[in-house]
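Chain by chain, the residues run as shown.
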Amino acid sequence: SIDQIADIEIVKEDTALAMISNAHDIKDIFAAIKTMKQNYQEVILLRFMDDLTIGEIAEVIGKNNINTRVLLHRALKLLQNIVHKKREDKDSGT
């Protein structure tokens with residue numbers, strides 16, 4: 001059902017954020033978020049700081065649930081890449 005798919009997506013999102021936060025402190029995560037496009041920043045903060053559901057975020061940003069889910073997925077993927085690159089740079093001393 002749609003609710004089960006939404007639950008799976010939320011688990012994936014939470015897992016992605018947990019992987020990022022386990023690897024780095026919260027200050028680095030917020031610094032990475034600040035480098036992202038405004039709409040990516042917004043969906044990440046609404047989801048994880050304000051603890052809104054996909055439906056609630058969709059309402060706030062004026063998009064449908066599917067577009068909101070895709071936007072959040074892309075934002076989290078980018079955040080993961082930024083944090084991973086920053087980690088590699090730290091490890092290599094650059």
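Residues numbered from 1 in each chain as written. Predicted model: local features only at pLDDT ≥ 70, side-chain atom pairs only at ≥ 80, totals over all residues. Heavy atoms only, no water.

Trainee: Is there a simple way to think about the overall build of the protein in this case?
Mentor: When helices and strands are tallied, the protein shows 5 helices and 0 strands. Secondary structure elements of the protein, listed N to C terminal, follow the sequence α-α-α-α-α. Within the protein, buried positions represent 32% of all 94 residues. (Helix = DSSP H or I, 4+ residues; strand = E, 2+ residues; numbered from the N terminus. Buried < 20%, exposed > 50% of the residue type's maximum accessible area, 1.4 Å probe, protein only.)

Trainee: Help me understand the nonpolar core in this model?
Mentor: In a soluble, globular protein the nonpolar side chains are often hidden away together inside. Counting 17 residues, the largest nonpolar core has I33, M36, V43, I44, L72, A75 and L79 as its most contacted members. Of all the secondary structure elements, the ones that give two or more residues to this core are α2 (26–34), α3 (38–48), α4 (54–61) and α5 (65–92). It is α5 that contributes the most residues to this core, 6 residues altogether. Not counting the four nearest positions on each side in its chain, V43 is found in contact with I57, I61, L71, L72 and A75. (Core = buried A, V, L, I, M, F, W, Y, C linked by side-chain atoms within 4.5 Å. Contact = heavy atoms within 4.5 Å.)

Trainee: What's the story with the packing of aromatic side chains in this structure? I'm lost.
Mentor: Any two aromatic rings considered together are summarised by their centre-to-centre distance and by the angle between their planes. For the structure shown, the criterion picks out 0 aromatic pairs. Here the basic side chain of R47 rests over the ring of F48, its NZ or CZ set 5.5 Å away from the ring centre. (Phe/Tyr/Trp six-rings, centres within 6.5 Å; stacked < 30°, edge-to-face > 60°. Lys NZ or Arg CZ within 6 Å of the ring centre and 35° of its normal.)

Trainee: Explain the pattern of salt bridges to me, please; I cannot follow it from the model alone.
Mentor: On inspection of all chains with the given rule, the structure shows 2 salt bridges. Among the salt bridges present, the one from D51 reaches R47, with a minimum N-O distance of 3.9 Å. The class of D51 is exposed, set by a relative accessible area of 59%. (Salt bridge = Lys/Arg side-chain N within 4 Å of Asp/Glu carboxyl O.)

Trainee: Any chance you could explain unusual backbone geometry here in plain terms?
Mentor: Peptide bonds are trans in most cases, and residues, glycine excluded, mostly fall at negative phi. Its identity is not glycine, yet D51 carries a phi of approximately 60°, on the positive side. As for its position among the elements, D51 is in the loop between α3 and α4.

Trainee: Just to check I follow, could you spell out the side chain of Q41 for this structure?
Mentor: Mapped onto the elements, Q41 comes out in helix α3. Once you skip the residues sitting within four places of it in the chain, Q41 turns out to touch I33, K34 and M36.

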